[in-house]
Amino acid sequence: MNIILRELKASIRSFLIWAGSLTLLTVVWMSEFSAFANDDSMLEMFASFPEGMMKAFGFETFNITTLTGFTGLVFTYMILILSIHAILKGNSVIAKEERDKTVEFTLVLPVKRSKVVLGKLVAVAINCLLLMTYLYGLIMVLGQQYLPEEGFVKFFSLLALGTLFLQMIFVSIGIMLGCVMKQYKRSGYIGASLLIVLYIMSVIIDFSDKLEFLKYITPFRYFAPALIKENMALDWTYIIISIAIIAVSLCIGFITYKKRDLYI
Amino acid sequence: MNIYSREIKDKLKSAMIWSVSLFLLVLLFMSLYPSFATDESIFEMVLENYPEVMLKAMGMTGVNMATVIGFFTFCMLFAQICFAVQASIYGFSILSEEERDMTADFLLTKPIRRSKVFFSKLAAALTALVITNAAFWGSTYLCLSLFNGGHKYDPKVFAQMLSVLILFQLFFLGVGMVISMSVKKIKSVLSYSMGLAFGMYIVSASGSIIGEERLSYITPFKYFEPNSFITEGGYDTAMIIICAAVIVVSISAAFFLYNRRNIRTAS
């Protein structure tokens, strides 16, 4: 419990910075949406297109004049930022002790190492949860002025829930890297590059049918806005895969940290 | 010279890793091209998968993805993200790492001026960036020759697109340096670098979706948007001037701040 409190207190500053910059971004987005919101001339323009073309340009999935379509589009970037936040936090919560040379102090306290990691995990998870909840509330409130259409609340709640899964995946991977890698400096870089690679995968997936299998590999595709919009539900396969990834990485993390030779 | 060689030894390995990863990135993208270019229907399929707003966000409007240059534009965007991350990491770390590793007092009590320390470090980082840049030119050339799918392309446009990369890198290096000098202590270089690089990317991408012109003045991803080289046939001089101004101002400010910086030592 002490560890959780200590970690939460230590993360207040960085949490405020993250929340502040995300607020700024969201406010800009949501105020820009007024240019599109229920813009009849734009709808008319779309309506004049032949149906095949509508389909070709994907306006059916993402109609930018509706709140659902707009949020679905821009939220992709929010997901990217939240994932970066999650993997960096997960990794640094473990690695910072060695970086700041406080690890010897922490580990001679009369608590098991597994409890230390657990406390840190809980603290980071709370951090991510708070950030997501805050953004959820912010977008909901800012969206009110545009009179959200039916289904928006459900769509966005599902999206937020899916993103939460994604955050937990990246937190666990970050913690695992922090525990497994011998050098704390390297673990951060590996986590960051992994994230970039997964992000690129999620984009090139549509290039070729042969790349279809990537959808199981890159978590960015598990709960993508387009997928949620289409099914109006989270896909159970991906939920199971996510839980498996989280469980496996945390297990590896806990086991290796127990035997870790500290890098001082 | 000693500082330079000490620094470059440190940076060389990282520059190599970045060069190899960028090579793999170009290879991955361009190896997809031949199958893509032969079949027009695949091109249509891609359009179907990407809504136009997404194409806008990826800077792909007005670009025919079936051409070599059009396809490369797509790859270029991701390469830019990598270059941005690398340059920001260097920018944030070169001046601040000594303080974090408690080696600053050792270095600064040597009989050399701070300005010399500054310029040696800057030169080393620049060398590493130039190496990566050159490697990227090489990878592009190689992959284009290997995977052009028999289509013709104009090397001049590619050269134009790549020639501004150095400004792009310097922007992130300079901004990273000045931020690292304006804060008390940088605990984690990586968070700052990822924040700067991806923040700029997201501002650019979401700015394109919502069609906000004003946002384009703050992010280098907009200064050198790859598709503008195709649609407008060159770079925007105004943007180049803004970028150069930011670079000059930020590096001079970092120099000024570093010269008078109060170094926090181990106590």
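As a starting point, this report considers the structure included with it. Fair warning: this is a prediction, and the values are worked out from it, not measured in the lab.

### What about the overall build of chain A?
Broken down by element type, chain A carries 11 helices and zero strands. Start at the N end of chain A and walk to the C end: the helices and strands fall as α-α-α-α-α-α-α-α-α-α-α. Seen through its C-alpha atoms, chain A measures out along the principal axes to roughly 70 × 40 × 25 Å. Residues counted as buried form 52% of the 264 residues belonging to chain A. Pairs at least 24 apart in sequence give 77% of the contacts found in chain A among residues at least 6 apart. Working note: accessible area of chain A is about 12400 Å², and carbon and sulfur atoms make up 68% of it. Positive and negative side-chain charges in chain A, numbering 23 and 19 respectively, have mean positions lying 19 Å apart.

### Regarding the state of the cysteines
Note on terminology: a disulfide is the covalent bond linking the sulfur atoms of two cysteines. By the definition in use, this model includes zero disulfides over all chains. Its sulfur unpaired, Cys179(A) is 12 Å from the next cysteine sulfur, which belongs to Cys251(A).

### What to know about the packing of aromatic side chains
All names here are of chain B. Applying the stated rule across the entire model yields 35 aromatic pairs over all chains. With 5.0 Å between their ring centres and 35° between their planes, Phe119 and Phe255 make a pair best called tilted. Remark: Phe255 occurs in helix α12 (residues 237–259) and Phe119 occurs in helix α6 (residues 114–146); sequence separation between them is 136 residues. Taking the relative accessible area as the measure of exposure, Phe255 reaches 24% and is therefore partly exposed. Over the ring of Tyr90 we find Lys11; its NZ or CZ atom is 5.3 Å from the centre of that ring.

### Considerations on helix α5 (residues 67–99) of chain A
Residues and elements named next belong to chain A. When the terminal C-alpha atoms of α5 are compared, their 44 Å separation across 33 residues agrees well with the 48 Å that a helix rising 1.5 Å per residue should span. Residue Val93 marks the point of greatest curvature in α5, where the axis turns by about 40°. Burial of α5 is extensive: 31 of the 33 residues sit out of reach of the surface. Directly after α5, the chain includes Lys101, whose backbone phi takes a positive value near 60°.

### Digging into the nonpolar core
All names here are of chain B. Grouped together as the largest cluster of nonpolar side chains are 163 residues, with contacts concentrated most on Phe72, Phe136 and Tyr201. If one sorts the elements of this core by residue count, helix α4 (residues 68–100) sits on top with 21 residues. When near neighbours in sequence (up to four residues on either side) are disregarded, Phe72 contacts Val26, Met30, Phe136, Thr140, Phe158, Met161 and Leu162.

### Topic: a positive patch on the surface
Where like charges cluster on the molecular surface, the positive patch consists of Arg13(A), Lys184(B), Lys185(B) and Arg264(B). You can see Lys185(B) is positioned in the loop between α8 (165–182) and α9 (189–210).

### Some details on the pattern of salt bridges
Residue and element names in this part refer to chain A. One pass over the full model with this rule turns up 14 salt bridges over all chains. Close ionic contact of Lys120 with Glu7 constitutes a salt bridge, the shortest N to O distance being 2.7 Å. Here Lys120, found in helix α7 (residues 113–144), pairs with Glu7, found in helix α1 (residues 2–10); they are 113 residues apart in sequence, far enough to count as distant. Among the residues examined, Lys120 registers a relative accessible area of 2% and is labelled buried. Measuring nitrogen to oxygen at the nearest pair gives 3.2 Å for the salt bridge that ties Asp100 to Arg99. Judged by relative accessible area, Asp100 falls into the partly exposed class, the value being 28%. With relative accessibility at 17%, the residue Arg99 sits in the buried group. One salt-bridge network, in which partners are shared between bridges, spans Glu7, Lys96, Glu97 and Lys120.

How each quantity is defined
Residues numbered from 1 in each chain as written. Chains lettered and ligands numbered in written order. Predicted model: local features only at pLDDT ≥ 70, side-chain atom pairs only at ≥ 80, totals over all residues. Heavy atoms only, no water. Helix = DSSP H or I, 4+ residues; strand = E, 2+ residues; numbered from the N terminus. Buried < 20%, exposed > 50% of the residue type's maximum accessible area, 1.4 Å probe, protein only. Contact = heavy atoms within 4.5 Å. Areas by Shrake-Rupley, 256 points an atom, 1.4 Å probe, with all protein chains shown as cover. Lys, Arg positive; Asp, Glu negative; His and termini not counted. Charge placed at Lys NZ, Arg CZ, Asp CG, Glu CD. Disulfide = S-S within 2.5 Å. Phe/Tyr/Trp six-rings, centres within 6.5 Å; stacked < 30°, edge-to-face > 60°. Lys NZ or Arg CZ within 6 Å of the ring centre and 35° of its normal. Expected span 1.5 Å × (residues − 1). Bend = angle between axes of the 7 residues up to and from the residue. Core = buried A, V, L, I, M, F, W, Y, C linked by side-chain atoms within 4.5 Å. Patch = residues over 30% accessible without salt bridge, like charges linked within 9 Å, V, L, I, M, F, W, Y side chains within 5 Å. Salt bridge = Lys/Arg side-chain N within 4 Å of Asp/Glu carboxyl O.

Interpretation note: all reported values are geometric properties and have no functional meaning in isolation.
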